[in-house]
Amino acid sequence: MDEVLSHERGPWLRSKKVRTFILEKSPAGAAAELANQVKCSSIQALVPLLSSVSIYLSAGDRQTQFVKDELFKLLLVQIVEGSDRSVCANCGTALGFFFSCGMLLGDPFQLATDLLQRGIVSVAQADGICTLAVASNATPLPISKASFWAMVGHVAAEVSDTAIRTALLGHLRHLKQQTIPWPISFSPSEMPPCSLQVSSTAQHQQGEARRRTVYVSHLPAQLPQNTLMEFLSHAGVVDKVRVCVSPGYSTMFAFVEMHTVKGAKVAIELNGGHMMGCVVRVQAARNPIQDVMSGDAIYSPTGLLQQHCLFGQSSAPLAACATEPSCVIRHQM
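Note that the structure is a prediction, hence the values are computed from the model and not measured. (Residues numbered from 1 in each chain as written. Predicted model: local features only at pLDDT ≥ 70, side-chain atom pairs only at ≥ 80, totals over all residues. Heavy atoms only, no water.)

### Observations concerning helix H12 (residues 261-268)
Argument step 1. When we look at burial in H12, the residues that qualify are Gly 263, Ala 264 and Ala 267. Seen from one end, H12 has its buried residues packed into an arc of 100°, which puts them on one side. Facing away from the buried side of H12, by more than 90 degrees, are the exposed residues Lys 262 and Lys 265. (Buried < 20%, exposed > 50% of the residue type's maximum accessible area, 1.4 Å probe, protein only. Helix = DSSP H or I, 4+ residues; strand = E, 2+ residues; numbered from the N terminus. Arc of directions from axis to C-beta.)

So this is what it looks like as structure tokens:
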């Protein structure tokens, strides 16, 4: 397999060598060897390896399909059960690559969400799941992607293991700081610094928006939207609300941007309030709401209010936000 990783030959010739190598083994043996190559590859070698393998695995014969199915299973099992950070990151990157190439059908972000729901017991798992999502970044599923990263933030806020929390927040920071070129495998400690220069004005505006944003969790799914808005309005004027759904959880959570920093501080004082039998948790958000929706409050360049935040005009339950297109979350963590 060393020849497969050679940069001196074109990708088609390398893929022919992959095919020859695989045909010499049983399908299960070939899948196991390819999985081992993925796990052991350096970042530099992983890209040409995946490119070569993908060309071969695009064939439609039964043996190739069996090798492909077995390889995907082995990579997934490694993410779920692995303990080595670089190995799990490589496996996540490989699966994301195959999703991006169309070799794996379905929603990679839903798969990553399902893996999160199983519970994270190691930093390696966190790396594998997050790199799967990062490597699938080109997949045109913005809603599912935003929901996954929102859930990563939710899990990071709730998990008791400090190392896992740090790893998840590290992935969120790097996702926010830069556009990661695909394909690439990474761990938070290996990520290059952001090359984009952000103006001091933009940094100030973003920091100010973050200070005006609060994270509200443990919201009952059947809580009417107007009831939540009434609850939030006790703290002041609300500019934006993004309700998020965590599959597998009985409650929901939201990111709320108040009009002023003082309003956000007052909102945090609402922490511990009771709504439909649930104790609502309100705390400062780690990130501001990045997007703009038609229902947000609108202000003129001089700061005059032109439109109030339209969230809460309906008495529909928060759960409806998961199905109504106008309410779908597009929050970028």
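### Points about the packing of helix H3 (residues 43-57) against helix H4 (residues 62-81)
Argument step 1. Contact geometry for H3 and H4: axes closest at 10 Å, N-to-C directions at 135°. Of the possible angle classes, the one that applies to H3 and H4 is oblique. Where H3 approaches H4, its residues Val 53, Tyr 56 and Leu 57 are matched on the opposing element by Thr 64, Val 67, Lys 68 and Leu 71.
Argument step 2. Considered class by class, the residues forming the contact of H3 with H4 number 5 nonpolar, 1 polar and 1 charged. (Axes fitted to C-alpha atoms, helices over the stretch in contact; angles between N-to-C directions. Parallel < 35°, antiparallel > 145°, perpendicular 65-115°, else oblique. Contact = heavy atoms within 4.5 Å. Nonpolar A, V, L, I, M, F, W, Y, C, P; charged D, E, K, R; others polar.)

### Brief notes about the sheet that holds strand E3 (residues 251-258)
Argument step 1. Pairing is antiparallel in the open sheet, where 4 strands are placed in the order E2-E3-E1-E6. Looking at strand neighbours, the two that pair on one side only are strand E2 (238-244) and strand E6 (281-284), the edges of this open sheet. Taken over all neighbouring pairs, the strand axes of this sheet differ in orientation by 20° on average, direction set aside. (Pairing = 2+ DSSP bridges.)

### Examining the pairing of E2
Argument step 1. A large share of E2 lies buried, amounting to 7 of its 7 residues.
Argument step 2. Pairing analysis gives 6 bridges linking E2 to E3, with the strands arranged antiparallel. Looking at E3, one finds that Val 238 is bridged to Met 258.

### Examining helix H2 (residues 27-40)
Argument step 1. Helix length check: H2 (14 residues) gives 20 Å between terminal C-alpha atoms against 20 Å at 1.5 Å per residue, within 8%.
Argument step 2. Those residues of H2 that fall on the buried side of the exposure criterion are Ala 30, Ala 31, Leu 34, Ala 35, Gln 37 and Val 38. Seen end-on, H2 carries its buried residues on one side only, within an arc spanning 160°. (Expected span 1.5 Å × (residues − 1).)

### A word on the nonpolar core
Argument step 1. With 49 residues, the main nonpolar core has Leu 71, Leu 75, Phe 98, Ile 129, Phe 148, Trp 149 and Leu 168 as its most contacted residues.
Argument step 2. Put simply, the parts of the chain that give this core at least two residues each are H2, H3, H4, helix H5 (85-100), helix H6 (108-117), helix H7 (123-135), helix H8 (142-158) and helix H9 (162-177).
Argument step 3. Contacts of Leu 168, omitting those with residues within four sequence positions, involve Ile 120, Ala 126, Cys 130, Val 152, Val 155 and Ala 156.
Argument step 4. Formed by 27 residues, the second largest nonpolar core is a distinct cluster that contains Met 229, Phe 231, Ala 297 and Cys 309. (Core = buried A, V, L, I, M, F, W, Y, C linked by side-chain atoms within 4.5 Å.)

### Considerations on the side chain of Ser 41
Argument step 1. Counting through the fold element by element, Ser 41 comes out in the loop between H2 and H3.
Argument step 2. Among the polar contacts listed, one links the side chain of Ser 41 to the backbone oxygen of Gln 37, at a separation of 2.5 Å.
Argument step 3. Apart from the residues lying within four places of it in its own chain, the contact partners of Ser 41 are Leu 46, Leu 49 and Asn 90. (Polar contact = N/O pair within 3.5 Å; in protein donor to acceptor, adjacent residues only side chain to side chain.)

### Section: the environment of Val 216
Argument step 1. Of note, Val 216 is situated in strand E1 (residues 213-220).
Argument step 2. Judged by its relative accessible area of 0%, Val 216 falls in the buried class.
Argument step 3. For the pair formed by Val 216 and Ala 267, sequence separation is 51 residues and the distance between their alpha carbons is 9.4 Å.
Argument step 4. Once you skip the residues sitting within four places of it in the chain, Val 216 turns out to touch Leu 232, Met 252, Phe 253, Ala 254, Val 256, Val 280, Arg 281 and Val 282.

### So, the packing of aromatic side chains
Here the distance between the centres and the angle between the planes together describe a pair of aromatic rings.
Argument step 1. Inspection of the entire model under this criterion finds 6 aromatic pairs.
Argument step 2. Ring geometry for Phe 97 against Phe 98: centres 5.7 Å apart, planes inclined by 85°, an arrangement best described as edge-to-face.
Argument step 3. Judged by its relative accessible area of 7%, Phe 97 is buried.
Argument step 4. According to the relative accessible area criterion, Phe 98 is buried, its value standing at 1%.
Argument step 5. Within the aromatic cluster, the residues linked to one another by ring pairs are Phe 72, Phe 97 and Phe 98. (Phe/Tyr/Trp six-rings, centres within 6.5 Å; stacked < 30°, edge-to-face > 60°.)

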